Amino acid sequence: MGASLNAYTSREHTLFHMSCMNNDVRKCVDILGDILQNPQLGHSYVEAEKDTIKTELEESGKDPQDTIMEAAHFNSYRDHVMGQPILGDVDNIYSVTQDMVKEYHATHYVGKNMVIVGVGNINHKEFVDQVANSFGNMSKEPAPGLEKKNLNKPIYTPSIMFMRDDELYNAAVGVFYDAPHWSHEDYYAFMLLERIIGSYQMNLNGQSHLNDVSKQYSMLEGWCGNFLDITKAQAIYSPYKDCGLFGTFVYGNEVYAKMMAYTGCFIPASYGTYLNQVEVYRGRARFWQELLNIQSPQDIMQLIGPQILYLNRRVHRSEMAKRISYFDNKQLSRVYRQWLHDAVIK
């Protein structure tokens with residue numbers, strides 16, 4: 001047939017997707033329907049997958065940014081399932097049983113928890129008929145006696161965590177704040193702030209053209225460029241259904257660990273006091289550029305799916321660009337002052 005099948009898991013949802021030629025859409029819908037409704041959950045398959053997950057966990061642990069993000073979520077929501085690692089805990093992998101996996105599938109893989117998205121040169125009516133044919137037998141609700149767990153809202157908990165590894169000569173620091181969730185009115189303001197702060201990478205500093213939207217009037221670039229061994233810095237906004245985290249990841253020589261922590265506190269909070277309108281223009285341009293770069297069916301699909309899950313509607317790129325264009329520096333400063341200025345951090 002000539003198609004690709006892939007999947008990934010985030011903190012709140014799992015995506016299964018296929019790419020194919022236009023004439024093979026029906027076959028792909030049938031394959032996905034069979035995978036999700038009739039998975040092979042035999043004992044040998046479950047045991048084999050544990051080794052795969054362990055390998056992925058070991059590789060993830062080698063990435064400082066992945067390690068910091070997992071630690072940030074645990075530190076913020078440590079009493080909630082949102083604080084648990086996406087791939088699980090290496091100590092618990094081999095305690096998962098076949099019955100546990102089957103129960104999870106029967107509880108969560110039901111109609112009301114599923115969003116099916118088709119992107120590309122697809123006839124809408126034909127696609128809907130194909131989905132109805134392939135997924136029509138799926139239960140809308142879990143069977144009696146099966147209930148979703150951990151439905152309580154996560155509560156942000158300010159705290160500090162130190163993780164020591166004497167074999168490393170570099171340090172990674174993450175400073176994170178409580179932030180708006182997906183449907184909050186300040187969601188787009190924080191999307192724009194993520195672009196305003198942007199990212200810094202030492203080997204690229206000063207090498208790109210001044211007309212590059214990632215270079216002009218960037219406070220993060222100017223601040224981190226003063227320190228010889230701060231290698232990387234990046235603003236990160238992670239919104240979810242009922243909560244959100246916003247912060248800065250900084251990586252560099254351990255000698256600058258205190259300055260890296262100060263960077264995460266100083267830059268976001270300072271925008272609550274003063275924000276140059278030129279930085280807003282640059283952040284807008286960067287956001288619009290990212291929207292224009294969403295071209296492939298996979299990128300568009302990954303944009304639409306979470307919107308349906310969290311907002312129950314599609315938000316077109318034109319609407320996103322329009323919402324961003326309404327912000328000016330005074331409006332944004334008021335929002336950031338409310339959330340970030342003199343706020344308790346983690």
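Everything that follows concerns the structure shown earlier in this document.
Each chain carries its own residue numbering, running from 1 in the written order of its sequence. Totals for whole chains, interfaces and linings use all residues, but because this is a predicted model, local features are given only for residues with pLDDT of at least 70 and pairs of side-chain atoms are given and counted only at 80 or more. With hydrogens and water set aside, each side-chain value is computed from the structure's full complement of heavy atoms.

Undergrad: Please explain the pairing of strand E2 (residues 14–19) as it appears in this structure.
TA: A pair of strands counts as paired when DSSP detects no fewer than two bridges linking them. For helices the rule is a DSSP run of H or I covering at least 4 residues; for strands it is a run of E covering at least 2, with both sets numbered from the N terminus onward. With six bridges connecting them, strand E1 (residues 4–9) and E2 associate as antiparallel partners. In the strand pairing of E2, serine 4 is matched with serine 19. Between the antiparallel neighbours E1 and E2 lie four residues.

Undergrad: Is there a simple way to think about the nonpolar core in this case?
TA: One broad rule of soluble globular proteins: the nonpolar side chains tend to lie buried together. Among the buried residues, those of types Ala, Val, Leu, Ile, Met, Phe, Trp, Tyr and Cys that are joined through side-chain atoms within 4.5 Å form a nonpolar core. Burial classification: accessible surface area is computed with a 1.4 Å probe over protein chains only, and a residue below 20% of its type maximum counts as buried, one above 50% as exposed, and the rest as partly exposed. The biggest cluster of nonpolar side chains holds 49 residues, and the ones touching the most others in it are Phe190, Phe246, Leu332 and Tyr336. Two residues qualify as a contact provided that any one of their heavy atoms is within 4.5 Å of a heavy atom in the partner residue. Setting aside chain neighbours within four positions, we find tyrosine 336 in contact with Ala189, Leu192, Leu193, Ile196, Tyr271, Gly272, Leu275 and His341. Membership of the second largest hydrophobic core comes to twelve residues, among which are Ile68, Met82, Leu245 and Phe249.

Undergrad: Teacher, can you tell me more about the sheet that holds strand E5 (residues 230–239) here?
TA: The strands that make up a sheet are held in pairs by hydrogen bonds between backbone atoms, and each pair lies either parallel or antiparallel. The sheet built from four strands is open, its strands ordered E3-E6-E5-E4 with antiparallel pairing. Of all the strands in the sheet, just strand E3 (170–178) and strand E4 (199–201) have a single pairing partner and so form its edges. The sheet shows a mean angle of 15° between the axes of neighbouring strands, direction not considered. Pairing of E4 with E5, which is carried by three bridges, proceeds in the antiparallel orientation. The residue bridging glutamine 201 from the neighbouring strand is lysine 232, located in E5. Only C-alpha atoms enter the line fits that serve as axes; for helices the fit covers just the stretch in contact. Angles between N-to-C directions range over 0 to 180 degrees. Where helix H6 (residues 187–197) meets the sheet, its contacts fall on E4, E5 and strand E6 (244–253), and the angle it forms with E5 comes to roughly 170°.

Undergrad: So what exactly am I meant to see when it comes to the pattern of salt bridges here?
TA: Where charged atoms of side chains with opposite charge meet at close range, the side chains can pair. We define a salt bridge as a contact between a side-chain nitrogen of Lys or Arg and a carboxyl oxygen of Asp or Glu at a distance within 4 Å. Across all of its chains, the model carries 13 salt bridges by this definition. With a closest N to O distance of 2.8 Å, arginine 11 and glutamate 70 form a salt bridge. On the criterion of sequence distance, the pair formed by arginine 11 in the loop between E1 and E2 and glutamate 70 in helix H3 (residues 64–76) is long-range, its members being 59 residues apart. Note that aspartate 242 and lysine 241 form a salt bridge whose closest N and O atoms lie 3.7 Å from each other. Where salt bridges share partners, they join Glu194, Arg195 and Glu290 into one cluster.

Undergrad: Help me understand the packing of helix H9 (residues 277–292) against helix H11 (residues 317–325) in this model?
TA: Look at H9 against H11: their axes get within 10 Å of each other, and the N-to-C directions meet at 180°. Compared by their axis directions, H9 and H11 come out roughly antiparallel. Of H11, the residues touching H9 (which contributes Arg284, Phe287, Trp288, Leu291 and Leu292) are Arg317, Met320, Ala321, Ile324 and Ser325. Charged residues are taken to be Asp, Glu, Lys and Arg, nonpolar residues to be Ala, Val, Leu, Ile, Met, Phe, Trp, Tyr, Cys and Pro, and polar residues to be all remaining types, Gly included. Here the residues of the contact of H9 with H11 are counted per class, giving seven nonpolar, one polar and two charged. An angle below 35 degrees is treated as roughly parallel, one above 145 as roughly antiparallel, one from 65 to 115 as roughly perpendicular, and anything else as oblique.

Undergrad: Hey, could you run me through the side chain of serine 333 in this one?
TA: Locating serine 333 in the fold gives a position in helix H12 (residues 329–339). Overall, serine 333 belongs to the buried group, its relative accessible area being 7%. Dropping the residues within four chain positions of it, serine 333 is found in contact with Tyr271, Gly272, Tyr274 and Leu275.

Undergrad: I'm lost on a nonpolar patch on the surface in this one. Help?
TA: Together, Phe74, Met161 and Met163 line one region of the surface with nonpolar side chains, adding up to about 260 Å² of accessible area. Mapped onto the fold, phenylalanine 74 is located in helix H3. Assessed through its relative accessible area of 31%, phenylalanine 74 is described here as partly exposed. Each patch groups residues whose relative accessible area exceeds 30% and which form no salt bridge, using 9 Å between like charges and 5 Å between nonpolar side chains of Val, Leu, Ile, Met, Phe, Trp and Tyr. The method behind every accessible area is Shrake-Rupley, applied with a 1.4 Å probe, and residues are considered shielded solely by the protein chains displayed.

Undergrad: Can you walk me through the packing of aromatic side chains in this structure?
TA: The geometry of an aromatic ring pair comes down to the distance between the two centres and the angle between the two planes. In this analysis, rings of Phe, Tyr and Trp, with Trp reduced to its six-membered ring, are considered paired at centre separations within 6.5 Å, and the interplanar angle assigns stacked below 30 degrees, edge-to-face beyond 60, and tilted for intermediate values. Under the counting rule described, the total for this entry stands at 15 aromatic pairs. Where phenylalanine 16 meets tyrosine 109, the ring centres are 6.3 Å apart and the plane angle is 70°; that geometry is what we call edge-to-face. You can see phenylalanine 16 sitting in strand E2 and its partner tyrosine 109 sitting in the loop between helix H4 (98–108) and helix H5 (124–135), a full 93 residues away along the chain. With a relative accessible area of 29%, phenylalanine 16 lands in the partly exposed category. Judged by its relative accessible area of 24%, tyrosine 109 falls in the partly exposed class.

Undergrad: Got a minute to help me understand the layout of surface pockets in this structure?
TA: In this approach, a probe sized like a water molecule rolls over the atoms, and the result shows the empty space that is left. Taken as a whole, the second largest pocket spans an internal volume of roughly 1,100 Å³. As for the second largest pocket, its lining consists of 33 residues, of which Ile68, Met161, Met163, Ala172 and Val173 are closest to the centre. Considered class by class, the residues forming the lining of the second largest pocket number 19 nonpolar, six polar and eight charged. A 1.4 Å probe that fits but cannot get out identifies a cavity on a 1 Å grid over protein atoms alone, an open set with protein on both sides within 12 Å along at least five of seven lines counts as a pocket, and a residue lines either if it has an atom within 4 Å of a point. Grid points are joined across faces, edges and corners, and a volume is the space filled by probe spheres set on the points.

Undergrad: Help me understand the side chain of aspartate 186, please; the structure alone is not making it clear to me.
TA: Its location among the elements puts aspartate 186 in the loop between E3 and H6. No salt bridge is formed by the buried aspartate 186, whose closest oppositely charged neighbour, arginine 334, lies at an N-O distance of 9.4 Å. With near-sequence residues (within four places) excluded, aspartate 186 lies in contact with Pro180, Val335, Gln338 and Trp339. In this count, Lys and Arg are taken as positive residues and Asp and Glu as negative ones, while His and the chain termini are left out.

Structural measurements only, silent on function.
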